[in-house]
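Coordinate analysis (summary)
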Amino acid sequence: MTEEKQQTNTTEPTTEPSDLEVCKKQAEEYLNNWKRERADFINYKKDEAQRMTEFVKFANESLILETIEVLDDLELAQKNFKNEGLGEIIKKFKDMLKKYGVNEIEAEGKQFDPNLHEQVFADSGEPLPSGTYSTGNIQKIRSGYAMNGKVIRAARVRILASKLN
């Protein structure tokens, strides 16, 4: 009977994987995990570079806004005093702003856009409900500016009652 037990034991196939197979599976699993982590790290670096680029684009926003306030004062002084020298200074300021990606928002004679314009008042003296404007019905009161495509200061406008629908 002991011989029969020995024969059955030797003829049964072993279902346990060998040490080599276990090591190969572990190595494959480790390699796949490493590849995933490497891809995650590369994506993280790309995302961080994108965030840094955005940060640098708009890091000077507060300084630009203060510069725009000075520019507004110079434009007001030029209107009142008609000084040619002030015109040259204003031009230099505007050129400097363009160099840093700051553009003036078109307002005069354009259609009202609440994303670009801030309605201060209408000719009737009261703000008008949205949707009551037609093309070319606004007058610029204060310039608005966009920096790298983002509105940093909306243009203040007056809605002209003579051009209402």
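Provided above is the structure to which this section pertains.
Residues numbered from 1 in each chain as written. Predicted model: local features only at pLDDT ≥ 70, side-chain atom pairs only at ≥ 80, totals over all residues. Heavy atoms only, no water.

**A few points about the overall build of the chain**
- Along its length, the chain carries 4 helices and 6 strands.
- Each helix (α) and strand (β) of the chain, taken in turn from the N terminus, gives the series α-α-α-α-β-β-β-β-β-β.
- By residue count, 24% of the 165 residues in the chain fall in the buried class.
- A sequence separation of at least 24 residues applies to 63% of the contacts in the chain between residues at least 6 apart.
- Carbon and sulfur atoms make up 53% of the accessible area of the chain, which totals about 12,600 Å². (Helix = DSSP H or I, 4+ residues; strand = E, 2+ residues; numbered from the N terminus. Buried < 20%, exposed > 50% of the residue type's maximum accessible area, 1.4 Å probe, protein only. Contact = heavy atoms within 4.5 Å. Areas by Shrake-Rupley, 256 points an atom, 1.4 Å probe, with all protein chains shown as cover.)

**Concerning the packing of aromatic side chains**
- Counted under the stated rule, the structure contains 1 aromatic pair.
- The ring of Phe58 has Lys150 sitting right over it, with the charged end atom 5.0 Å from the ring centre. (Phe/Tyr/Trp six-rings, centres within 6.5 Å; stacked < 30°, edge-to-face > 60°. Lys NZ or Arg CZ within 6 Å of the ring centre and 35° of its normal.)

**Some details on the sheet that holds strand β5 (residues 150-153)**
- Read across the sheet, 3 strands follow the order β1-β4-β5 without closing on themselves; strand pairing throughout is antiparallel. Because the sheet does not close on itself, it has two edges, and the strands there are β1 (102-105) and β5. Mean inter-strand twist for the sheet, computed between neighbouring axes without regard to direction, equals 40°.
- Pairing between strand β4 (residues 144-147) and β5: 3 bridges, direction antiparallel. When the bridges of β5 are listed, Met147 appears paired with Lys150.
- Packed on one face of the sheet, helix α3 (residues 61-81) meets β1, β4 and β5 and runs near 50° to β5.
- The sheet contacts of helix α4 (residues 84-99) involve β1 and β4, and relative to β1 the element is tilted by about 115°. (Pairing = 2+ DSSP bridges. Axes fitted to C-alpha atoms, helices over the stretch in contact; angles between N-to-C directions.)

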